[in-house]
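Overview (structure and organization)
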Amino acid sequence: MRRQLVLLLLLQVVAAPAQAACSRPLKVVISPMGRNMMVEADGSIGGVVPDFLKLVASRTGCQFEYTSVPRARAHVLFENGEVDLIPGTTRTDERDQLGLFIHMYHSRAMLIALAGRLPPELGLDEVGSRGLSLGAVRGNNYGPEYLRLVEQAGSLPRLSLVPDPDTAARMLAGGRFDAVLAGPSVFAEAAQRAGLGDKVAVTAVHGMQPAQVGIYLHRKAVPAADQAQLREAIATLVTRGEYSRLVRQYYAEPKWSTLGLDTRPAGGAKP
């Protein structure tokens, strides 16, 4: 009888998760961002980030509840502490005050235009001197060089701020502006839906530095123990190459979709 009891206890230990589940379900805010985060007309979600968070849930036992809003609104919800987790977000000093950042990849904004309209590379100053009209997704931030170009275009005005990549793709196809300023991976799915997958070309902007992108956990909204558990789980999965694997799976086509994207494990979370 004692041997049976010991065996039962051993089986329970083996079957139990390596870590306890989070203290409560966590609210995740997502926005359409190419194949990273896809929101369908019926409200269903998919893409690299939801699939990655499924791996996190399996590892930790934590539960995630999703809310879908436009990108600019997502940042407001996070700043107000109305959601716990915001993925696919560029690291900034201001956001570090509110949230714990967990690095996942680097992304570089580029110009995406109809093929033949722009050269393969332009300098930061050349983008402004050419008088290009630009489209950008409201709420996106790829670092100071990106913000400088957006500010310059907006002051002329030669800037169209749109709520999502699909709107940007339709406007580019309709000739409403010369180029979209974004990470190609964010724009790829929208370009495909708009029939532009093989009709656009990407222009690298010399001097545009890569931005750190990852997940922010709200410091006040998420209990400290949950932050520590999620930080460890996410960092471990990224280091093992799980995020890179999902990117390769989702971004096989078009070939230009992963330009400016570096998913090699690097960096980490800052306390």
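Our subject is the structure listed above.
Bringing the sheet that holds strand β10 (residues 159–162) into the picture now. Within the open sheet, the six strands sit side by side as β8-β12-β7-β11-β9-β10. Their pairing is mixed. The open sheet has two edge strands, β8 (121–123) and β10, and neither has a second partner. With strand direction ignored, the average angle separating the axes of adjacent strands in the sheet is 30°. Sheet analysis places strand β9 (residues 134–137) next to β10, joined by four bridges and oriented parallel. Across the sheet, L134 pairs through a bridge with L159, a residue of β10.

To continue, consider the state of the cysteines. Taken as a whole and assessed by the stated rule, the structure comprises one disulfide. Linked covalently through their sulfurs, C22 and C62 form a disulfide whose S-S length is 2.0 Å. On the sign convention where negative is left-handed, the bridge of C22 and C62, at about 75° about the S-S bond, is right-handed. Taken together, the residues C22 in the loop between α1 (2–15) and β1 (26–30) and C62 in the loop between α2 (48–60) and β4 (64–68) connect sequence positions 40 residues apart.

Checked against the element boundaries, S257 lands in the loop between α10 (242–250) and β14 (261–262). Residue classification places S257 among the buried positions, given a relative accessible area of 0%. Leave out the neighbours within four places in its chain, and S257 touches P184, S185, A188 and Y251.

Cut-off values and rules
- Residues numbered from 1 in each chain as written.
- Predicted model: local features only at pLDDT ≥ 70, side-chain atom pairs only at ≥ 80, totals over all residues.
- Heavy atoms only, no water.
- Pairing = 2+ DSSP bridges.
- Helix = DSSP H or I, 4+ residues; strand = E, 2+ residues; numbered from the N terminus.
- Axes fitted to C-alpha atoms, helices over the stretch in contact; angles between N-to-C directions.
- Disulfide = S-S within 2.5 Å.
- Buried < 20%, exposed > 50% of the residue type's maximum accessible area, 1.4 Å probe, protein only.
- Contact = heavy atoms within 4.5 Å.

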